[in-house]
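# Descriptive structure summary
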Amino acid sequence: CVRQSILKDASRVVAWSEDGKILYSDFQADPAELKVLTNVFGDRDGAIRSGMVVGGTRYEVHRHHPPAVYGRTMGGAPETSEGAAVVKVETGPGGQPCYCFITYRMPHISARMVPLLQSFCSEQLATKG
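Residues numbered from 1 in each chain as written. Predicted model: local features only at pLDDT ≥ 70, side-chain atom pairs only at ≥ 80, totals over all residues. Heavy atoms only, no water.

### Concerning the packing of aromatic side chains
Here the structure, examined in full by the defined rule, presents three aromatic pairs. Measuring from centroid to centroid gives 5.7 Å for Phe41 and Tyr99, while their planes differ by 35°, and the two rings are tilted. In this pair, Phe41 sits in the loop between helix H1 (31–37) and helix H2 (44–50) while Tyr99 sits in strand E7 (residues 98–105), placing the two residues 58 residues apart along the sequence. Its relative accessible area of 15% is what places Phe41 among the buried residues. Note on Tyr99: relative accessible area 3%, which makes it buried. An aromatic cluster is defined as three or more aromatic residues linked by ring pairs; in this entry it consists of Trp16, Phe41 and Tyr99. For the cation-ring pair, Arg12 lies above Phe27, with the distance from its terminal atom to the ring centre recorded as 4.9 Å. (Phe/Tyr/Trp six-rings, centres within 6.5 Å; stacked < 30°, edge-to-face > 60°. Helix = DSSP H or I, 4+ residues; strand = E, 2+ residues; numbered from the N terminus. Buried < 20%, exposed > 50% of the residue type's maximum accessible area, 1.4 Å probe, protein only. Lys NZ or Arg CZ within 6 Å of the ring centre and 35° of its normal.)

Okay, here's the thing in structure tokens:
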């Protein structure tokens, strides 16, 4: 179960395949938003310009290091901002690429949460071969 995994400190988690099939979600994820979200793995400047939008919330991209892209909400006090990260797995279930997106709140920060997300993707989503 994802909630008891190394992602237990994430506020929200969604994993989906490149064809748009939601593999896991603990919130009402919008497949149209997830499809657009995969574009952040393209051009760095485009990713920073467009940000990441999930659940109607925009997360500014601060780091563009595929296969990981991450950032935070902006506008309020830093202590109340919410972090977000997405990781792309090249060969996931069914042999196709898949993605996992998380959000996290203080005191959890990207320095801790992004490596946990990467480990989760490697252990749970990547096809071993």
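And the narrative resumes.
### A short note on the nonpolar core
In this structure, Ala85, Cys100, Ile102, Tyr104, Leu117, Cys121 and Leu125 are the most contacted members of the largest nonpolar core, which totals 19 residues. Looking at this core, the elements with two or more residues in it are strand E1 (12–17), strand E5 (68–72), strand E6 (82–89), E7 and helix H3 (110–125). The leading source of residues in this core is H3, at six residues. Setting aside its immediate chain neighbours within four residues, Leu117 contacts Leu7, Ala85, Val86, Val87, Cys100 and Ile102. (Core = buried A, V, L, I, M, F, W, Y, C linked by side-chain atoms within 4.5 Å. Contact = heavy atoms within 4.5 Å.)

### Notes on unusual backbone geometry
In the segment running from Pro66 into Pro67, the intervening peptide bond is cis, with an omega of 15°. With respect to the helices, strands and loops of the structure, Pro67 is situated in the loop between strand E4 (57–65) and E5. The linkage connecting Met106 with the following residue, Pro107, adopts the cis geometry, with an omega of 15°. Relative to the helices and strands, Pro107 is located in the loop between E7 and H3.

### As for H3
By the burial criterion, the buried members of H3 are Met113, Val114, Leu117, Phe120, Cys121 and Leu125. Summarising the axial view, the buried residues of H3 lie within an arc of 120°, below the 170-degree limit, and thus occupy one face. The outward face of H3, more than 90 degrees from its buried face, is lined by the exposed residues Ala111 and Glu123. Those residues of H3 that are buried lie in contact with E1, strand E2 (22–25), E5, E6 and E7. (Arc of directions from axis to C-beta.)

### Observations regarding the pairing of E6
Two faces, one strand: in a regular strand the side chains alternate between the faces of the sheet. Burial analysis of E6 places seven of its eight residues in the buried class, which makes it a mostly covered element. As paired elements, E5 and E6 share five bridges and run antiparallel to each other. What sits directly across from Gly71, in E6, is Ala84. Taken together, the eight bridges between E6 and E7 define a ladder with antiparallel strand orientation. From the neighbouring strand, Val87 faces E7, where its bridge partner is Cys100. (Pairing = 2+ DSSP bridges.)

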